[in-house]
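Notes for the structure review
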Amino acid sequence: MISWLLNKYQEWQFERAFQKKKKELMKLDPFIYNIPDKNNSKKED
Amino acid sequence: MFFGSKTPIKKDKYFINLGDSHAASYNLPIESSYPYLIAKKLDLGYVDFAYSRTSIEYSDYALNTVDFTKAEFVLWQLAYPWRKHNWNTQDIQKAREDNIKSLTLKESFKIFAKVISKYKDSNVFFIFINQEYTTRYLKQLVKLNDKVFSENIEFIDFGFDEKHGGVNSQKLIANKMCEFLIKYDKKN
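An account of the accompanying structure is given in this report. None of the values given here were measured: they were computed from a predicted structure.

1. A closer look at unusual backbone geometry
Residue and element names in this part refer to chain B.
- Here aspartate 43, not a glycine, exhibits a phi torsion of approximately 55°, which is positive.
- Tracing the chain through its elements places aspartate 43 in the loop between helix 1 (34–42) and strand 3 (45–48).
- Positive phi outside glycine occurs at asparagine 130, with the angle close to 60°.
- For asparagine 130, the location among the structural elements is in the loop between strand 7 (124–129) and helix 4 (138–144).

Next comes the structure, spelled out in structure tokens:
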């Protein structure tokens, strides 16, 4: 019972960390590309 | 929309580099990037399909535009699982369709497990960078395919944008991956 509860708690913690990271990155990461520079497209966002 | 490839180091023996901005030497000189450092250490060339803000399905598509079995190996940095790629657009600005906003941790496991299982019998190695939540199920993913690197690599320094790994992080990734690849090669 205790290990089940512990597992559930850990699962909740990881889910929370996942949702937090997803939210943070989505905010930083709008789905807009800069038009690549053909001579050096490594530098595009 | 497919962005093509580059060949930063051309040699008969080469590997293929896949992933998003973390694999694409984002805002760093290419000579400091981990794929370049790995190529130098292993005396190989490499073909680079990595591209910023792309998805897992994008990497999968890019890999299958070539006969990847001719490469010594493929090094695939798995992108964030909530990204979706739009194949239908001809407009580069719309190439990434959207994020799957409702994605759960369990669903992210399924996305990773699917691609990792698909390449189980191929010479494709997988790494996670900056995805600490994967530690919840990384052991399970390694059980599915032992070519998954068993830790999520966190940055030890940052590039100027403070979001991507800096020079020391690139060195760390290169060292860890070379060690992993050599160990795997000896074991098999």
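2. Remarks on the sheet that holds strand 7 of chain B
Residues and elements named next belong to chain B.
- Across the sheet, six strands lie side by side as 1-3-2-4-7-8; this open sheet has mixed pairing. Edge strands, defined here as strands with exactly one partner in the open sheet, are strand 1 (6–9) and strand 8 (148–153). Ignoring strand direction, the axes of neighbouring strands in this sheet form an average angle of 20°.
- Two elements, strand 4 (residues 73–77) and strand 7, share four bridges in a ladder whose sense is parallel.

3. Topic: helix 1 of chain B
Residues and elements named next belong to chain B.
- The complete set of buried residues in helix 1 reads Tyr34, Pro35, Tyr36, Leu37, Ile38 and Ala39.
- Where helix 1 is buried, its residues meet strand 1, strand 2 (14–18), strand 3, strand 4 and helix 5 (167–187).
- At the exit of helix 1 stands aspartate 43, carrying a positive phi of roughly 55°.

4. As for the interface of chain B and chain A
- Taken residue by residue, the interface counts 22 residues in chain B and 18 residues in chain A.
- Mapped by element, the contributors of at least two residues to the side of chain B that touches chain A are strand 6 (96–99) and helix 3 (105–118) of chain B.
- Looking at which element gives the most residues to the side of chain B that touches chain A, the answer is strand 6 of chain B, with three residues.

5. Section: helix 3 of chain B
- Relative to the 20 Å expected for 14 residues at 1.5 Å per residue, helix 3 of chain B spans 20 Å between its end C-alpha atoms, a close match to the ideal helical length.
- The inward-facing, buried residues of helix 3 of chain B abut helix 1 (2–28) of chain A together with strand 7, helix 4 and strand 8 of chain B.

6. Observations regarding the packing of helix 1 of chain B against helix 5 of chain B
Residues and elements named next belong to chain B.
- At a closest axis distance of 8 Å, the pairing of helix 1 and helix 5 adopts a crossing angle of 45°. Considering their axes alone, helix 1 and helix 5 lie oblique with respect to each other. For the element pair helix 1 and helix 5, the recorded crossing hand is right-handed. Contact with helix 1, carried on its side by Tyr34, Leu37, Ile38, Lys41 and Leu42, involves Gln170, Lys171, Ile173, Ala174, Met177 and Cys178 of helix 5 and no other residues of that element.
- Across the contact of helix 1 with helix 5, the residue classes tally to eight nonpolar, one polar and two charged.

The rules behind the values
- Residues numbered from 1 in each chain as written.
- Chains lettered and ligands numbered in written order.
- Predicted model: local features only at pLDDT ≥ 70, side-chain atom pairs only at ≥ 80, totals over all residues.
- Helix = DSSP H or I, 4+ residues; strand = E, 2+ residues; numbered from the N terminus.
- Pairing = 2+ DSSP bridges.
- Axes fitted to C-alpha atoms, helices over the stretch in contact; angles between N-to-C directions.
- Buried ≥ 20, exposed ≤ 12 C-beta atoms within 10 Å, placed from the backbone.
- Contact = placed C-beta atoms within 7 Å.
- Expected span 1.5 Å × (residues − 1).
- Parallel < 35°, antiparallel > 145°, perpendicular 65-115°, else oblique.
- Left-handed = near helix turned anticlockwise from the far one by under 90°.
- Nonpolar A, V, L, I, M, F, W, Y, C, P; charged D, E, K, R; others polar.

Spatial relationships are all this shows, so hold off on functional conclusions.
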